[in-house]
Amino acid sequence: MRLPERQLAVLEAASATDERTMDEIAAETDLKPETVTGAAFDLRDEGLLAVTETATEVAELTDEGRDYVADGLPETRLYRAAVDAGAADGAVPMGEVIGRADLAGPEVDIALANLPRKGFGRIDSGELTVDPDADPDADPEAAALEALADGESVDDEAVLDRLASRGLVDLAERTTRAVRLTDDGVDALMEGVEAAETVGQVTPELLASGEWADVEFAEYNVEADAPAVEGGRKHVLRRTADRVKDVLVGMGFQEMEGPHADSDFWINDCLFMPQDHPARTHWDRFALDVDPMEDIPPALLDRVETAHRDGWGEDGDGYHSPWSEEFAREVALRGHTTSLSMRYLSGYAGAELEPPQRYFSVEKVYRNDTLDPTHLLEFFQIEGWVMAEDLSVRDLMGTFEEFYRQFGITDIRFKPHYNPYTEPSFELFGDHPETGEEIEIGNSGIFREEVTGPLGVDCDVMAWGLALERLAMLTTGAEDIRDLHGTLADIDFLRTAEVSY
């Protein structure tokens, strides 16, 4: 019998009594694991080897898990600091213990959540007491982290699941393949097997020399494993944004562009947002330490100030609250892309303003929000407006129904809402396809006269701001906005997620 060299090497390395893994054979033969696997499947097809596959769950430490192996779990550090502060004898202030434990940022919340869960102590009215008989050294979670760091296995699935939920380990399924000689394989080796030189591909040299006619070509095994090749692809958010643009252009809209850093005048004052509104404080906006914006049309500035102080039109009343031109000229990162709408509706950006007109943008905005599964500090907003005579809420609702229908979303709900700049106003909600949870996906309304009047617009304008990331959650099934982008993004999800069409 003659076999290709790689098949002969694998056959000779296999055992008739013990199963040997592909990695073991690769180490012995100096062949690549994928080459061994391909040869093993070829030998299996010839009846010379038996191949078995075993799926096992493998746990690997994350970067955070490795940090806790070195420094200790936050709850353990908090417990030891509490004992040092006397919390085993009586309640001590929680802030003092946190300072002693040298915890910072998210570690504080992690420690406070897990300390009572593990029975190390309890927290009541800002004070902390601990159980003197607790033994953090016997903590199975800490022991599991140590074992994984030392390359050992952990059999307690409940502990592994807990560590995975905390983001300290990654659980993955790994398939291990092993081979054993069959009776035919043993007979073949006893009778003698010769190595046959084989060629894996036709080369220009073989063709030019004519040797191709005399060589033996290796057979291709389409079932053999091959190394995974992850090619580049456009990010799921960018693909969602491109789809949004295609849909809106198809609906007759033109795209707006403008600065990410702008004056408070364009971001909020033109929008009839009072200057003492909570959203305009440092708690909700990112102010920039740069020179104030001087390039603002004086006449428009005066009209906007008049609307804030005295209102607009016969029934206008204004806010009767402080208004400062100095504040209006301050520069900040835009909290919404409505600053673009104000620039375009005012004619300052050179837009055509003879009704009807439709404009949109899909650009990034910045807000000092608290990070959670549906909020980020920076995200993409789908801004849009329509200028026409005699617009109604029904026109606005119909626009949304047509837009979302293009993404396969037909069940959206509208709830009345209050905005300083639109009347009437309503929010949009949709159901998450995986969890069924109701998610807010946008805000909308018809601009008040106090907004359009100073801009010189004398017809109706309906407008909206929709969240691109939340649309992506509805179309891809992502349950956490942080899976889409940022330091916690799920790379495997990004490689496989598809945008609905």
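Residues numbered from 1 in each chain as written. Predicted model: local features only at pLDDT ≥ 70, side-chain atom pairs only at ≥ 80, totals over all residues. Heavy atoms only, no water.

J.: Would you mind going over the overall build of the protein in detail, with residue names and values included?
T.: Each helix and strand in the protein was counted, giving 20 helices and 19 strands. Computed over the C-alpha atoms, the radius of gyration of the protein is 33 Å, more than 25% above the 23 Å expected from 2.2 N^0.38 for a compact globule of 501 residues. Reported as C-alpha extents along the three principal axes, the dimensions of the protein are approximately 105 × 80 × 45 Å. Each of the 501 residues in the protein was classed as buried or not, and the buried ones make up 45%. Considering only residue pairs separated by 6 or more positions, the protein has 70% of its internal contacts joining residues 24 or more positions apart. Summed over all atoms, the accessible surface of the protein reaches about 25900 Å², with 46% contributed by carbon and sulfur. Charge separation in the protein, taken as the distance between the mean sites of 41 positive and 110 negative side-chain charges, equals 3 Å. (Helix = DSSP H or I, 4+ residues; strand = E, 2+ residues; numbered from the N terminus. Rg over C-alpha atoms; globule rule 2.2 N^0.38 Å. Buried < 20%, exposed > 50% of the residue type's maximum accessible area, 1.4 Å probe, protein only. Contact = heavy atoms within 4.5 Å. Areas by Shrake-Rupley, 256 points an atom, 1.4 Å probe, with all protein chains shown as cover. Lys, Arg positive; Asp, Glu negative; His and termini not counted. Charge placed at Lys NZ, Arg CZ, Asp CG, Glu CD.)

J.: Go over the nonpolar core with me, naming the residues and quoting the values.
T.: The biggest cluster of nonpolar side chains holds 44 residues, and the ones touching the most others in it are Val244, Ile382, Phe400, Phe403 and Tyr404. The element that contributes the greatest number of residues to this core is helix 12 (residues 236-250), accounting for six residues. For Ile382, the residues in contact, after removing those within four places along its chain, are Val244, Leu248, Ser361, Val362, Phe403, Trp464, Gly465, Leu466, Leu468 and Leu471. Ranked by size, the runner-up nonpolar core spans 32 residues in total, among them Met387, Val451, Cys459 and Ala463. (Core = buried A, V, L, I, M, F, W, Y, C linked by side-chain atoms within 4.5 Å.)

J.: Run through helix 6 (residues 94-101), naming residues and quoting values.
T.: By the burial criterion, the buried members of helix 6 are Val97, Ile98 and Ala101. Taken down its axis, helix 6 places every buried residue within 100 degrees of arc, on the same side. Opposite the buried face of helix 6, at more than 90 degrees from it, the exposed residues are Gly95 and Gly99. Looking at the buried side of helix 6, the elements it contacts are helix 5 (74-84), strand 4 (92-93) and helix 7 (106-117). Just downstream of helix 6, Asp102 is the residue with a positive phi angle, here 55 degrees. (Arc of directions from axis to C-beta.)

J.: Can you explain a nonpolar patch on the surface? Please cite residues and give values.
T.: A cluster of nonpolar residues, Val202, Leu207, Trp212 and Phe217, forms a patch on the protein surface that exposes about 400 Å² of accessible area. Its place among the elements puts Trp212 in the loop between helix 11 (204-209) and strand 10 (216-217). (Patch = residues over 30% accessible without salt bridge, like charges linked within 9 Å, V, L, I, M, F, W, Y side chains within 5 Å. Salt bridge = Lys/Arg side-chain N within 4 Å of Asp/Glu carboxyl O.)

J.: So, the UniProt feature "binding site: Mg(2+)" (unreviewed entry) in the protein: which residues are in play, and what are the values?
T.: The sites that carry the UniProt feature "binding site: Mg(2+)" (unreviewed entry) are, in the present numbering, Glu423. The topology assignment puts Glu423 in strand 17 (residues 422-431). Overall, Glu423 belongs to the exposed group, its relative accessible area being 52%. If near-sequence neighbours (up to four positions away) are discounted, Glu423 is found in contact with Ile446 and Arg448. (UniProt positions renumbered as here; feature names shortened; annotations may be inferred.)

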